[in-house]
Amino acid sequence: MAEYEHDELESPDASRRVFLKQSSALAAWVLTPPAAVAAVDTGLHEKVALAVEQMPLQLTINGKAQQLSIEPRVTLLDLLREQLHLTGTKKGCDHGQCGACTVHVDGNRVNSCLTLALTTEGCSVTTIEGLAKGGEPGNSATAPLHPMQEAFIKHDGFQCGYCTPGQIMSAVACIREGHANTPEEIREYMSGNICRCGAYANIIDAIMDVKKGGAKV
Amino acid sequence: MNPFQFTRVTTPKAAILAITKESGTYFLAGGTNLIDLMKREVIIPERLVDINKLPLATIEKIATGLRIGAMAKNSAVADHELVKKQFPLLAQALNAGASAQLRNMATVGGNMMQRTRCAYFYDTSMPCNKRSPVQAGPDKGQANGPVGCGAIGGINRMHAIFATEPTGERGAPPGSTDRSSKCIAVHPSDMCIALVALDATVNVSGPKGDRKIPFGDFHRLPGNTPQKDNTLLPGELIMSVDLPTNQFADHSHYLKVRDRASYAFALVSVGVGVTMTGTTIQDVRLAMGGVAHKPWRLTEAEEFLKGKPATEANFKQAATLAMKGAKGYGENDFKLTLAPNSIIDALKTATKTA
């Protein structure tokens, strides 16, 4: 979504990610005008207008109120990653099959890849970045870890780590929902989170540990 | 994803007005299927009407039983005390479907409206009679990919064994002359198997007013128009689903046979509800998933079992009756054996004679 990436040109942060995005944003900026002109020539100007239509969106993300302007087709996952740079939430399959994009919306775990961001108007979203502080604003780099994050480290609940943010968000919800009473129940209620490294046994140990420890999740 | 216009509505009346006004408009509820189909360009809407703020998520007791609002989330229904106590078959079926995340998003109405997961339907480079013409963009009105059925003679392990031919048993539309199969896709829902078994009624509202649709008539067979999954009229909105009070709670079972233990679509599923007096079956409801274009009620098998003792011999005979008219398409031939065995197994569990 090139139009969001223009914002980043103002960013003082010169990380590799931002550099890459700046490059692609410039490419898009260069390419857009002739495409639009061509569209108008072929009578498609309405479609172009439609394509760049932005709609207002107000929601709370990790405790911080956000006032945004987005295209209707932007998913919550793409909004988090591409516009707000909350890249902890991962894009795995982008089709609701792997669970890597799991976040909490009003306390319920959902697949952010199948959630149109505009449908979260007025909602409170928690991502892995906001988990440790229970969704309060603050510096995620210095925040203490959530008990589930600690347990995943203790039990080696990951290998490559790509599915881990989704696993942890799902695991926290699994306990809150009351579906983490036995390893069998955890397997069933965590089945929406796929781990290609196969860390399942350790993930179950981590969840059981947190559940038994009785810490507030 | 292709661009589209987005409208949010807060009343059913506004929703119906918005969808009636212009073609190419779709309701957006949980979005777990529609957004996926839009990403794959199987469906390309011109407009979405967001109905998530409609006040239709209530689950309440009514004189005849239970009323479940169309916007109630699948997880909320499955965890509801009245559902768990009085309609455990529905709770079991819901929990057998999708993942915890998806059940938190998916609604009752949306679950009923979900499309088949036939791989040929999803791949727009493959032939499919079920995909509708393109509804937006420069290709508007044109076929969305090649026509025909890729699954007939193709990879059809997941596909239907009942009523796939327009003239087949229970499949003939009136006045049909074209007798070739157009579609062998199956309806993917678990929830709907429970709802058809439990004699649910669908309450809909539309531009011409309100009406009730018996659940068994809500979904349709492919016939010569497999693009149409259901009998909703243009502009109609599902408001709620009513479940009549029953005595099946003590003898209910939803058996789902699938390729992995969780989070997979059914190869075959069976929903059973029984009332017993001693070892005799007083009343029974039977429905199957993964075998037809619609939730498949087994009325003949039900009639046979009523008043009979709950024995394996009777279950076998009921299963034989249920399989009348079944036809395999090659890779799914195994369902001709799996389906009757699943019926017997589910009946044994439900009647506690296993």
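Here the structure is a predicted model, which is why all the values come from computation and not from measurement. (Residues numbered from 1 in each chain as written. Chains lettered and ligands numbered in written order. Predicted model: local features only at pLDDT ≥ 70, side-chain atom pairs only at ≥ 80, totals over all residues. Heavy atoms only, no water.)

Asker: Give me the lowdown on the overall build of chain A, citing residues and values where you can.
Answerer: Along its length, chain A carries nine helices and five strands. Reading chain A from its N end, one meets helices and strands in the order α-α-α-β-β-α-β-β-β-α-α-α-α-α. Put simply, 55% of the contacts in chain A that link residues at least 6 apart link residues at least 24 apart. (Helix = DSSP H or I, 4+ residues; strand = E, 2+ residues; numbered from the N terminus. Contact = heavy atoms within 4.5 Å.)

Asker: Hey, could you go over helix 12 (residues 312-322) of chain B for me, with residue numbers and the actual values?
Answerer: Residue and element names in this part refer to chain B. Those residues of helix 12 not exposed but buried are Asn314, Phe315, Ala318, Ala319 and Ala322. Along the long axis of helix 12, the arc covered by the buried residues comes to 140°, so they all point the same way. Residues of helix 12 that are exposed and angled more than 90 degrees away from the buried face: Ala313 and Thr320. In this fold, the buried residues of helix 12 make contact with strand 11 (280-289), helix 11 (299-305) and helix 13 (335-350). (Buried < 20%, exposed > 50% of the residue type's maximum accessible area, 1.4 Å probe, protein only. Arc of directions from axis to C-beta.)

Asker: Give a description of the sheet that holds strand 1 (residues 55-61) of chain A that names residues and reports values.
Answerer: As a general point, the strands of a sheet are linked pairwise by backbone hydrogen bonds and lie either parallel or antiparallel. All names here are of chain A. Here we have five strands laid out as an open sheet, ordered 2-1-5-3-4, and mixed in their pairing. Unpaired on one side and paired on the other, strand 2 (64-70) and strand 4 (108-111) mark the two borders of the sheet. Strand-to-strand twist in this sheet, taken as the mean axis angle between neighbours without regard to direction, amounts to 40°. Relative to strand 5 (residues 124-126), strand 1 runs parallel, the two sharing two bridges. When the bridges of strand 5 are listed, threonine 60 appears paired with serine 124. (Pairing = 2+ DSSP bridges. Axes fitted to C-alpha atoms, helices over the stretch in contact; angles between N-to-C directions.)

Asker: Any chance you could break down the environment of alanine 326 of chain B for me, citing the residues and the numbers?
Answerer: All names here are of chain B. Along the polypeptide, alanine 326 turns up in the loop between helix 12 and helix 13. The partly exposed category is assigned to alanine 326, whose relative accessible area is 24%. In this structure, the C-alpha to C-alpha distance between alanine 326 and lysine 61, residues 265 residues apart in sequence, is 39 Å. Here alanine 326 is in contact with Ile161, Phe162 and Leu336, once residues within four sequence places are set aside.

Asker: Please provide a residue-by-residue account of helix 9 (residues 200-213) of chain A, values included.
Answerer: Residue and element names in this part refer to chain A. With 14 residues, helix 9 ought to run about 20 Å at 1.5 Å a step, and its terminal C-alpha atoms sit 20 Å apart, in line with that. Those residues of helix 9 lying buried are Ile203, Ile204, Ala206, Ile207, Met208 and Val210. Immediately downstream of helix 9, the backbone of glycine 214 shows phi near 70°, a positive value. (Expected span 1.5 Å × (residues − 1).)

Asker: Lay out the confidence of the model for chain A in plain terms, naming residues and giving numbers.
Answerer: All names here are of chain A. Summary statistics for chain A give a mean pLDDT of 83 and a share of 71% for residues scoring 70 or more. pLDDT under 50 marks residues 1-14. Its contacts with residues more than four places away, or in other chains, come to 23 contacts. Low confidence marks residues 18-49, where pLDDT is under 50. Its contacts with residues over four positions away, or in another chain, come to 21 contacts. (pLDDT = per-residue confidence, 0-100.)

Asker: Which residues make up the sheet that holds strand 11 of chain B, and what values go with them?
Answerer: All names here are of chain B. Read across the sheet, four strands follow the order 9-10-11-12 without closing on themselves; strand pairing throughout is antiparallel. Among the strands making up the open sheet, the edge pair consists of strand 9 (252-257) and strand 12 (296-297). Here strand 11 pairs with strand 12 via two bridges, running antiparallel. Bridging across to strand 12, alanine 287 finds its partner in arginine 297. Where helix 5 (residues 88-96) meets the sheet, its contacts fall on strand 9 and strand 10 (268-277), and the angle it forms with strand 9 comes to roughly 20°.

Asker: I'd love a proper account of the interface of chain B and chain A, names of residues and values included.
Answerer: The partner chain A presents 34 residues to the 34 residues of chain B that form the contact. With a closest N to O distance of 2.8 Å, aspartate 94 of chain A and lysine 39 of chain B form a salt bridge. Our count for the chain B to chain A interface comes out at 14 residue pairs in polar contact (both at pLDDT 80 or more). Elements supplying a minimum of two residues to the side of chain B that touches chain A: strand 1 (5-8), helix 2 (34-39), strand 3 (47-50) and helix 6 (100-105) of chain B. It is helix 6 of chain B that contributes the most residues to the side of chain B that touches chain A, six residues altogether. Its residues assigned to classes, the side of chain B that touches chain A shows 12 nonpolar, 12 polar and 10 charged. (Salt bridge = Lys/Arg side-chain N within 4 Å of Asp/Glu carboxyl O. Polar contact = N/O pair within 3.5 Å; in protein donor to acceptor, adjacent residues only side chain to side chain. Nonpolar A, V, L, I, M, F, W, Y, C, P; charged D, E, K, R; others polar.)

Asker: Can you explain the nonpolar core? Please cite residues and give values.
Answerer: If you look at the biggest cluster of nonpolar residues, it comprises 47 residues, and the most contacted ones within it are Leu57, Ile70 and Leu79 of chain A. Among the secondary structure elements, those contributing two or more residues to this core are strand 1, strand 2, helix 4 (76-83) and strand 3 (102-105) of chain A together with helix 2, helix 6 and helix 8 (119-122) of chain B. Setting aside its immediate chain neighbours within four residues, leucine 57 of chain A contacts Gln66, Gln67, Leu68, Ile70, Leu79, Ala117, Leu118, Thr120 and Glu121 of chain A. (Core = buried A, V, L, I, M, F, W, Y, C linked by side-chain atoms within 4.5 Å.)

Asker: Can you explain the pattern of salt bridges? Please cite residues and give values.
Answerer: All names here are of chain B. Applying the stated criterion across every chain, the model contains 27 salt bridges over all chains. In this structure, the salt-bridge partner of aspartate 283 is lysine 306, at a minimum N-O distance of 3.8 Å. With a gap of 23 residues between them, aspartate 283 in strand 11 and lysine 306 in the loop between helix 11 and helix 12 connect regions that are remote in the sequence. Accessibility expressed as a relative area gives 22% for aspartate 283, which makes it partly exposed. Among the salt bridges present, the one from lysine 324 reaches glutamate 300, with a minimum N-O distance of 2.9 Å. Taken together, the residues lysine 324 in the loop between helix 12 and helix 13 and glutamate 300 in helix 11 connect sequence positions 24 residues apart.

Asker: Mind laying out the packing of helix 12 of chain B against helix 13 of chain B, listing which residues take part and the relevant values?
Answerer: All names here are of chain B. Running from amino to carboxyl end, helix 12 crosses helix 13 at an angle of 140°, the nearest separation of the two axes being 9 Å. One finds that helix 12 runs oblique with respect to helix 13. Considering the relative orientation of helix 12 and helix 13, their crossing is right-handed. Only Pro340, Ile343, Ile344, Leu347 and Lys348 of helix 13 make contact with helix 12, whose side of the interface consists of Glu312, Phe315, Lys316, Ala319 and Ala322. (Parallel < 35°, antiparallel > 145°, perpendicular 65-115°, else oblique. Left-handed = near helix turned anticlockwise from the far one by under 90°.)

Asker: So, the side chain of glutamate 302 of chain B: which residues are in play, and what are the values?
Answerer: Residues and elements named next belong to chain B. Mapping glutamate 302 onto the fold places it in helix 11. In this structure glutamate 302 comes out as buried when scored by relative accessible area, which is 2%. Within the structure, the side chain of glutamate 302 is placed 2.7 Å from the backbone nitrogen of leucine 286, a separation counted as a polar contact. Looking at glutamate 302, its side chain comes within polar contact range of the side chain of arginine 297, at 2.6 Å. Those residues within four positions of glutamate 302 in sequence are excluded, and the remaining contacts are Val284, Arg285, Leu286 and Arg297.

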